[in-house]
Amino acid sequence: MQTMSHRLLPRFADGMGRAFLALILVFLYLPIAVLALMGFNESVHYALPFEFSTKWYEALAGNDRLLTASFNSVWIAVANTVIATVIGTMAAFALGRFRFRGRTVMQLLLFPPITIPWLIIGTAMLVLFFWTGVGRGLHSMLLGHVALSLPYVIIVVGARMASFGPELEEAAASLGATPVQAFWRVSLPVLMPGIVAASLFAFAVSFDQFVISYFLAPPGTSVLPVEIFSAIRKGFTPEVNAISTIVIFVSMGIMLAFARLSKFGGER
Amino acid sequence: MSVVEARHVTKRYGEVRALDDVSLVFPEGRFFALLGPSGSGKTTLLRAVAGFVEPEAGEILLDGEDIAHTPAHRRNIGMVFQNYALFPHMSVFDNIAFGLTVRGTSRADARERVHRMLELVRLPGMEQRKPRQLSGGQQQRVALARALVTEPKVLLLDEPLGALDKRLRQEMQIELKQIQRAVGITAIFVTHDQEEALTLSDQIAIINEGKLVQVGAPNEIYENPHSVFAAGFLGDANILRGRVENGIVAVEGAGPVAARGALPPEGSPAVVAVRPEKVRLSAEASAEGVNRIAGRIFQAVFSGTSVTYIIETAVGTQRAFRQNAGERIYGVGEAVVMEWSPEHTVVVEE
Amino acid sequence: MRAETRRRWAIAGLTGPAYLWLTLTIFLPLSAMLWFSFQRKGPFGRHETEFTLKHYEAFFTKDYLQDLTWRSLEMGLQVTVICLILGFPAAYVLAKRIKGRWREALFLLIVLPFWSNALVRIFSWTVVLRPGGVLDSAVQSVFPGAPSIDLADSWSAVIIGLVHSYLPYMILTCYLSLQAIDDSLIEAARSLGASALTILWRIVLPLAIPGLAAGAVLIFVPVIGSFFEPKLLGGTQGVVIGTVIEEQFTVVSNWPLGGALSFILLAIVLLILAVSYPFLKDRMRTA
C-alpha cells in the first residue's frame, strides 16, 4: 500500500498538472479561435450553425477605411522599426561598452516608458503635442511609437551585447582594425541576431499599439487598432473579425520569429 | 625582434593604484612572464602594452619609441586573449586572415600566409571550421595563429592556458614555447600559475599590489628570493623570523640559524627562507646545533613520487619535501628533527 | 588624454538620439501635463496662465472620483489574485513537471498571445460572451433550457478579459524564477524526509517569491491604468478611473482635470513601484 501510493500519487498529480495546463491553454486560445472562426461564418449575427463563407474577407478588399488604416499601420510600423532599431542599437552599444557617470541613471530611465500605464503617457503626449503645435496625426503617432519601442530595443540589443565582452573588439584592435572597422566587421555581425530580434519587437510594439494611437489619431486619419476599436463601438460585423484575425496572426507570427531569435524566457 | 620597455608606468582606478611606478625591460626574443596574484596589476601592465589601458604617467617604449598613447590598432602587437576571443561568426580562415584583410593584403597572399600559420600550429585543413566546432586546445592554436600571422613585433598572452584542463595545458606549454622560439618573437605572458611561469618563461617578473617585487630568471628567483612574498609565491618556503646576534640569526624556540649572504646589522630583526625540498629529516632525539629544529609530524601528504611532511614545531608549522626514493615514510605523530645547510638559507625582506 | 575626449564624444553621439527622443516624447509630455493639471484651462485658444489646485481638490471633494479609483484598485487586485492562483501552478507544472522540447514549445505557446494584439484579444471576448454568443450557445446546446448566460457588459466580463490579457505575464515571471531553482535542492529536501507539501511551502515558494512579486506588480500597475478593456467588456459596469481620465481627453475636453487624475494615478503607480523595487530590480535585468 505504502509503495503503491508512492508510485501512484506523483503520477496522479502529474496528470492533474498536465490537465490544468491544458485548460489554461484552452482559456488562452479559445477566444482567439472563436474570433478567427467567426470571420468565416456566413451570418452577420454570429448565428450558429456555422456556415463557411469567405465573404467577410472579400468585403475587406472593398473597405477603403480599413485598407487605408492598414496601410498607415504598416507604414508607421516600418518607419518606427527603422528609427527605433538604429538609434536604440547605438544607445545599447554605448551603454554596453562604456562605463561612465550617468550610465545607471540612463538605464533606469528606460523603465518609465515600459511601466507607466500607456493611458497616462498617451494623454500626456496629446497635451504636449497639441500645445506645441506638433498636433495629432501619423507623424505624432510615429513619435510616440518610437518612444515606446526604444526601451525594448535597448534592452534586447543590450542583452546580446552583454553576452560577449569587449575582448572581441580588443582582439580586432590588436590585429590592426580601426574602431570603425572593428564595429562593422566584428561588433555588428555578432550583435545581428539581437538587432533583428529587437527590430521585430519594435515592429510589433507599433503594429499592435492601440492606446497611444487612439489619443494621437485625428478624426479621419487612423491606424488599424483605432479603426477596429471604433468599429467595435459602432456595432461590429464579421468584417472586423476578419481584419482582427489577420492582425493577430501577423503579430503572433512576428513574436514567434522574435522568440526564436532571442531565445527569451531563460532557456539559454 | 623587438624590445619593450615600461618606464615609471602608473595607472589608478579610483583610489586603487593598479600600477605604481613600474619600470621593466622585456628583452628581445625572450619569453617573459608577469606573475602575481589576481588584482596585482599584472594584467593592467599587459593591457597597457597592448593599448587597452592608457597609463596616467610613464612611458611604454617599443624599440625606443613611446607608444603609451598610441591607439591599440596602430601598435602592431599580437595578443592571445584569456578566452581566445575568436570571432564567432567567422571561419578559422577568416579569423586568422582578419589582421591581414584589415590591412588590405590580397586574398591570394592571405591564403598563403594563413596556410603557413595553420601548419605552424599543427591545424592544417581546418580553414572552413567555425570556432565553436573546435576543441579548447584547437581554439587556443587558432588564437595563436591569428595573433602571429601579421608578424607583430611583440606577442602578448593573457592567461593563455587558463581555460584548458591540466594535461592539455602541459602539452600546450611545451608547444607554445617551441612556436615562440621558432618564430623568434618577444613574448610577454600573464599568469597566476607559478608552475606555468617556471616552465614557460626565460624571465619572470613578480608583481604584487601594483608594484614590481622581483625580476629575474626562474631559477634565480627560486633560489634567491628577495622577499617573503617572492619566496612564497614562486614555490613553497619555510619562513623563520629572528634577530641577528653574533653574526648569526637567533630564532626564538629554534636555536641559531646560519644563512648565506649578507645579514642585516647586528641586533636588528632578520627573516630567512628555506625551501622544503632542501630540508632533511631524521629521527634523532635532540636538536642541538645550527639549522636544526625539532618537531612532530602533523601530516604526511603522499603523492606517489614524493611525500610532503607538515611538521609542528615551536616556531610554527613547517614543511619538508622528500622524493620517494624508497626511504622510510614517517608516520603522523613521530618526533623528527629538521636540518638544512646554511647554503640553502636565504635572507629575505619582510 | 585624447582618448578620454574621444570616448566622451562617442558616448554622447551614440546615446544622444535615443535619449533626446525619450526626453521629448515621454518626459517632456509628462511635465507638460503636470503643468496643465495646475492650470484653470487646457491648451485651447489664448488664455492667461492661471494657477489653481481645483482639479486636485475635485478628486478629494467628489466622492465618485475616489470611488472609481477604489474600483480600479479593486479591479487590479482581483485580476492579480486570479492570475496568481492560476498562473503559479501552471508555471510550476511547466517548470518542474514537463521536460525538454515540450516545455519550450508550451512555454512559447503560453507567452505568444501576451505579446500579440491586446485590443483584438479583448474584442474576441466580446464575441464569446455576448448573449447568443459562443459561450451561451454552447451552454444551451449541452443543457437545453438552462438560463441564458449574459456576461456582456458585466464586471465579470471585465475581469475575465483582463485575466486573459495578463495571465501569461504571471506564468512567465513565475516560470523564470521556478526554473532557476536547482532540482537538486528539491532532491536534497526529499532525502532529508520532507513531504511534497513541505517542499512546496518551505523550499519552492520562498525561492519563487521574487517571480511572484514581479508578476503581481507588473500586472497590477497596467490593470489599474486600463480603460479600453473595461469600456469594451463592461459597458456601464466598466466605469473606472481609467475610463474617466480617457473621457476627459476625448469627450469632455477637461484636460486639466484629466491631467490631475492621471498624476494621482501615476503617484499610486510610483508608490507601488517604489515599494516593490527590490523585487523588480533583478527581474528587470533578466527580462
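Structural data are supplied above this passage.
Keep in mind it's a predicted model, so treat the numbers as computed, not measured.

**Q** I would appreciate a short explanation of the sheet that holds strand 12 (residues 248-251) of chain B in the present structure.
**A** Sheet strands pair via backbone hydrogen bonds, and the direction of the pair is either parallel or antiparallel. Residue and element names in this part refer to chain B. Taken together, five strands build an open sheet; the order of strands is 13-12-11-14-20 and the sheet is antiparallel. The open sheet has two edge strands, strand 13 (255-257) and strand 20 (345-348), and neither has a second partner. The mean inter-strand angle of the sheet, taken between neighbouring strand axes irrespective of direction, is 45°.

**Q** Please clarify how the interface of chain A and chain C should be interpreted in this entry.
**A** Interface size is often expressed as the accessible area that is lost when the parts come together. Contacts between chain A and chain C engage 87 residues on the former and 86 residues on the latter. Taken together, both faces of the contact between chain A and chain C bury some 7,800 Å²; the carbon and sulfur share is 83%. Our count for the contact surface shared by chain A and chain C stands at zero salt bridges. At the surface where chain A touches chain C, the tally comes to 11 residue pairs in polar contact (both at pLDDT 80 or more). The leading source of residues in the side of chain A that touches chain C is helix 1 (residues 2-38) of chain A, at 15 residues. Broken down by class, the residue content of the side of chain A that touches chain C amounts to 71 nonpolar, 10 polar and six charged.

**Q** What's the story with the packing of aromatic side chains in this structure? I'm lost.
**A** The geometry of an aromatic ring pair comes down to the distance between the two centres and the angle between the two planes. On inspection of all chains with the given rule, the structure shows 28 aromatic pairs over all chains. The interplanar angle of 70° and the centroid separation of 5.1 Å between the aromatic rings of Tyr214 of chain A and Phe229 of chain A together place this pair among those described as edge-to-face. Highlighted residues: Tyr214 of chain A in helix 10 (residues 211-216) and Phe229 of chain A in helix 11 (residues 224-234), separated in sequence by 15 residues. With respect to class, Tyr214 of chain A is no different from Phe229 of chain A; both count as buried. Members of the aromatic cluster, each reached through a chain of ring pairs, are Phe210, Tyr214, Phe215 and Phe229 of chain A together with Phe227 and Phe228 of chain C. The ring of Phe164 of chain A has Arg97 of chain A lying over it, and the distance from NZ or CZ to the ring centre is 5.1 Å.

**Q** Quick question: what am I supposed to make of the sheet that holds strand 10 (residues 211-216) of chain B here?
**A** All names here are of chain B. Spatially, the six strands line up as an open sheet ordered 6-7-8-3-9-10, and their pairing is mixed. Looking at strand neighbours, the two that pair on one side only are strand 6 (77-80) and strand 10, the edges of this open sheet. Going across the sheet, the axis of each strand differs from the next one's by a mean of 20°, ignoring polarity. Set on the sheet, helix 4 (residues 136-148) makes contact with strand 6 and strand 7 (154-158); between it and strand 6 the angle comes to about 170°.

**Q** Before we go on, may I ask you to explain the pairing of strand 6 of chain B in this structure?
**A** Walk down a regular strand and you will see the side chains alternate between the two sheet faces. Residue and element names in this part refer to chain B. Burial along strand 6 is two-sided: Ile77 and Met79 and Gly78 and Val80, pointing in opposite directions, are all buried. Bridge analysis of strand 6 against strand 7 gives four bridges, and the strand direction is parallel. Within strand 7, the position partnered with Gly78 by the bridge is Leu155.

Definitions and cut-offs
Residues numbered from 1 in each chain as written. Chains lettered and ligands numbered in written order. Predicted model: local features only at pLDDT ≥ 70, side-chain atom pairs only at ≥ 80, totals over all residues. Heavy atoms only, no water. Pairing = 2+ DSSP bridges. Helix = DSSP H or I, 4+ residues; strand = E, 2+ residues; numbered from the N terminus. Axes fitted to C-alpha atoms, helices over the stretch in contact; angles between N-to-C directions. Contact = heavy atoms within 4.5 Å. Buried area = accessible area lost by both parts, 1.4 Å probe. Salt bridge = Lys/Arg side-chain N within 4 Å of Asp/Glu carboxyl O. Polar contact = N/O pair within 3.5 Å; in protein donor to acceptor, adjacent residues only side chain to side chain. Nonpolar A, V, L, I, M, F, W, Y, C, P; charged D, E, K, R; others polar. Phe/Tyr/Trp six-rings, centres within 6.5 Å; stacked < 30°, edge-to-face > 60°. Buried < 20%, exposed > 50% of the residue type's maximum accessible area, 1.4 Å probe, protein only. Lys NZ or Arg CZ within 6 Å of the ring centre and 35° of its normal.

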